[in-house]
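Close look at the chain arrangement
Now for the letters of each chain:
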Amino acid sequence: MKTSPWIALVSLLALAFTVATSLSSRADIWSKRSKSNNFFGVIFGDGRKLFANQFFTMADVYFHSGYYPSIFDKNSAEQKEIISASHGAKETEEDEKKEDFLGQPKDWIDAFGRHFRLTEHVHLEQGNEREMLPWLRLAADLDPQKIETYTVGAFFLREHLGKTNEAEAFLREGFHNNPENSELLFELGRLYQDSADVTRARNVWELGVKKFLALDDAGKKENKLVFDQLAVNLGRLEDAAGNFDQAIKWLRAAQSVSPVPGELQIQIDAIQKKLAAPASVPATK
Amino acid sequence: MNKIVALAGVVIKELYRRKDFYVLFVLTALLTVAAGMVNFFNDDKIIRIVKDVCLMLIWVSALIIAIVTTARQIPAEREARTLFPLLAKPVSRGQVLAGKFLGCWLATGVALVVFYFFFAIITGSREHIWPWAVYFQAMWLQWFMLAIVIAMVLLGSLYFAAPSSTSTISFILVVGMLGLGSHLNTLALQQPEPMQSLLAGIYFAMPHLEWFDLRDFVVYDQKLIAWPAFALATVYAVVWTGIFLLLAWFGFRRKNLST
């Protein structure tokens, strides 16, 4: 029996179409990968997280304009400087010396080779911080659970590039991927506070505290610093708003976890003095 | 010298007749343009990642062109039996080798000029600056690094069984030299004897190709490297190229070509 190849082709296409309509709904259940709305998630699955740290490191390499230790140099495993910078740390001369990972040339080859290596320790500035952003974007796509990527990215977007909307969107994306994380809420609150949106800052920080209190003991221990920052900032916000009782409540809460409870006590005493004096600023809450 | 130039001309013609260069150039151009079109946080001034991607592709493409083109020169002539009529003419084996080397090197140089011109257009269109001197230093040193590679591959092609094995081994060696070259001494110190002495020996004896990689200077907008160091690096490349070419000539002049 002879069959035209065209009829065979059309029959096979029809069969493939019929099977595909039947299987497409079931296939979604088989593979979690197909549910991902992220390109890297579809391509690499969970393996993408392996690359995320490397891409985050690349952001740090760009922050240093290429002056960066390789895995063979000393200090290569130290904490990334973009994290410290995004948490307000300023570099001292001593820090800079510590980061001179090259040291003295070991031999003539090393000495001559330094003509062809970047040997000047500089940081990106004057808006050039934007050059790190692609790596942070890619790191976030590769590992949406890495909180530092969002906080560091949002810091540079907000503080150095004046891109408040993009910073907010990036933090919200992080919060969408990590709905129980209070550090992202703290950063979001800082962003609102900088935009003079006190009410939203308060609401977001209070939500952050709620998320922290919902953690188990191990989680609370791990996120102590975030709670400290949330409570101190809430205390200062309430103090500025004239809600002195609330301010004292938050600062006392911060004292329980703070590494410097004495300094917080000084702030509490100052607020108590204001409370004792006749009220001149109307409360907003 | 005329014979060497004539032989080199044939190699250059071969490169532009084959499709390797065009495919690699189109691939580089497509990937660079794609990288440049990605929108990161609505910031259209981001450029370093585009430079990084483009230069990395240029390095990979140039290495592929140099290694693959060189690896097939002598074996192809032997296989097609065109080497015998060539040597029957008043052309010495040394001239054949020199012609092959010069042809591959010049062909790679032409390819590099095209690649860097494209790079300058792409980055300049966004940055509105053209640091030609930095580009020149980067391209020049890369070209001289490729001279060492081409001479090394030419030597390898006389001993390895097929162009594919020559290419593979050469790639591994070059990538190893570029990646580990400057760190081999540090690694040696962490090893027990006799590995320590062996690695230290390799470190001092190998050509340091990593010196010729100025991509970071281009990507991070750094100042020019000192011209005396630049000139010394060029001399260093010429010396190593000469060493490999001499070794290749020693091997080729006594090689039995009929088997």
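Numbers given to residues run from 1 along each chain, matching the order in which its sequence is written. In the order they appear in the text, chains get letters beginning with A and ligands get numbers beginning with 1. Per-residue local features of the predicted model are confined to residues with pLDDT of at least 70, and side-chain atom pairs are confined, for both listing and counting, to 80 or more; whole-chain, interface and lining totals are unaffected and use all residues.

Assigned secondary structure in chain A consists of 15 helices and 0 strands. In this scheme the burial state of a residue depends on its C-beta neighbours within 10 Å: 20 or more other such atoms mean buried, 12 or fewer mean exposed, and anything in between means partly exposed; the C-beta positions come from the backbone. Every one of the 285 residues in chain A was classed for burial, and the buried ones make up 32%. Contacts are defined on C-beta atoms placed from the backbone: any two residues whose C-beta positions lie within 7 Å are in contact. A separation of at least 24 residues holds for 53% of the contacts in chain A among residues at least 6 apart in sequence. By definition, any uninterrupted DSSP run of H or I lasting at least four residues is a helix, any uninterrupted run of E lasting at least two residues is a strand, and each is numbered from the N terminus.

Now for the overall build of chain B. Broken down by element type, chain B carries 11 helices and 0 strands. For chain B, the N- to C-terminal ordering of α and β elements is α-α-α-α-α-α-α-α-α-α-α. Scaling as 2.2 N^0.38, a compact globule of 259 residues should have a C-alpha radius of gyration of about 18 Å, and chain B matches this with 20 Å. Dimensions of chain B, computed from C-alpha atoms along their principal axes, come out at roughly 65 × 50 × 35 Å. Evaluated residue by residue, chain B yields a buried proportion of 38% over its 259 residues. Radius of gyration: over C-alpha atoms. The globule rule applied is 2.2 Å multiplied by the number of residues raised to the 0.38 power.

What follows concerns the nonpolar core. The nonpolar side chains of soluble globular proteins are, as a tendency, buried together. Residues enter a nonpolar core if they are buried, belong to Ala, Val, Leu, Ile, Met, Phe, Trp, Tyr or Cys, and are joined to the set through C-beta atoms within 7 Å. Core analysis: the biggest nonpolar cluster contains 115 residues, and Ala139(A), Phe101(B), Ile148(B), Val149(B), Ile150(B) and Ala151(B) have the highest contact counts within it. Top element by residues in this core is helix α6 (residues 132-159) of chain B. It accounts for 16 residues. The residues touching Ala151(B), leaving out its near neighbours within four places in the chain, are Phe101(B), Thr241(B), Phe244(B), Leu245(B) and Ala248(B).

The subject of this paragraph is helix α3 (residues 48-79) of chain B. Residue and element names in this part refer to chain B. Its 32 residues give α3 an end-to-end C-alpha distance of 46 Å, which sits within 8% of 46 Å, the value for a rise of 1.5 Å per residue. At Gln73, α3 is deflected by roughly 35 degrees, the largest bend along its length, and proline Pro75 occurs up to four residues later in sequence. Once α3 ends, the next one or two residues include Arg81, with phi positive near 60 degrees. By this rule the span expected of a helix is its residue count minus one, scaled by 1.5 Å. At any given residue, the bend is defined as the angle formed between two axes, one fitted to the seven residues that end at that position and one fitted to the seven that begin there.

In this section: the interface of chain B and chain A. At the interface, 25 residues of chain B touch 20 residues of chain A. At the level of elements, α3, α8 (184-189) and α10 (215-219) of chain B are the ones that each hand at least two residues to the side of chain B that touches chain A. Here the side of chain B that touches chain A takes 3 residues from α8(B), the largest share from any one element. Three classes are used: nonpolar for Ala, Val, Leu, Ile, Met, Phe, Trp, Tyr, Cys and Pro, charged for Asp, Glu, Lys and Arg, and polar for all others, with Gly counted as polar. For the side of chain B that touches chain A, the class distribution of residues is 13 nonpolar, 7 polar and 5 charged.

Now for the packing of helix α9 (residues 164-177) of chain A against helix α10 (residues 182-194) of chain A. Residues and elements named next belong to chain A. Fitted lines through C-alpha atoms give the axes, limited to the stretch in contact for helices. The angle between two N-to-C directions lies from 0 to 180 degrees. Close contact between α9 and α10 brings their axes to 10 Å; oriented N to C, the two are set at 160 degrees. Viewed along their axes, α9 and α10 adopt a mutual orientation that is roughly antiparallel. At the point where α9 passes α10, the crossing takes the left-handed sense. Facing α9, whose interface residues are Thr164, Ala167, Glu168, Leu171, Gly174 and Phe175, α10 presents Leu184, Leu185, Glu187, Leu188 and Leu191. A breakdown of the residues in the contact of α9 with α10 according to their chemical character gives 7 nonpolar, 2 polar and 2 charged. Any angle that falls under 35 degrees is termed roughly parallel, while one over 145 is termed roughly antiparallel, one within 65 to 115 roughly perpendicular, and all others oblique. Put simply, a crossing is left-handed when the front helix is turned counterclockwise from the back one by less than a right angle, and right-handed when it is turned clockwise.

Right, let's get into the environment of Phe250(B). Along the polypeptide, Phe250(B) turns up in helix α11 (residues 227-253). Measuring from C-alpha to C-alpha, the distance between Phe250(B) and Arg126(B) comes to 51 Å, with 124 residues separating the pair along the chain.

This paragraph deals with the packing of α10(A) against helix α11 (residues 198-213) of chain A. All names here are of chain A. Where α10 contacts α11, the axes come no closer than 8 Å and their chain directions differ by 170 degrees. Classed by the angle they form, the pair α10 and α11 counts as roughly antiparallel. Contacts between α10 and α11 involve Ser182, Leu185, Phe186, Leu188, Gly189, Tyr192 and Gln193 from the former and Val198, Arg200, Ala201, Val204, Trp205, Leu207, Gly208, Lys211 and Phe212 from the latter. Class assignment of the residues belonging to the contact of α10 with α11 gives a composition of 10 nonpolar, 4 polar and 2 charged.

Note that the residue after Glu193(B), namely Pro194(B), is joined by a cis bond; omega there is 5 degrees. One non-glycine residue with positive phi stands out, namely Gln126(A), at about 55 degrees. Positionally, Gln126(A) belongs in the loop between α6 (108-113) and α7 (133-142). Even without being glycine, Phe41(B) reaches a positive phi, approximately 55 degrees. Summarising the element assignment, Phe41(B) is placed in the loop between α2 (20-37) and α3.

Let's shift gears to the environment of Val204(A). Residue and element names in this part refer to chain A. Locating Val204 in the fold gives a position in helix α11. Sequence separation between Val204 and Phe186 is 18 residues; the distance between their C-alpha atoms is 7.2 Å. Apart from the residues lying within four places of it in its own chain, the contact partners of Val204 are Leu185, Leu188, Gly189 and Tyr192.

Looking now at the confidence of the model for chain B. All names here are of chain B. On a scale of 0 to 100, pLDDT captures the predictor's confidence in every residue. This prediction gives chain B a mean pLDDT of 89; 99% of its residues lie at or above 70. Confidence scores differ between elements of chain B, with helix α4 (residues 83-88) showing the lowest mean pLDDT of 81 and α6 the highest of 94. Here the predicted complex scores 0.82 on pTM and 0.81 on ipTM.

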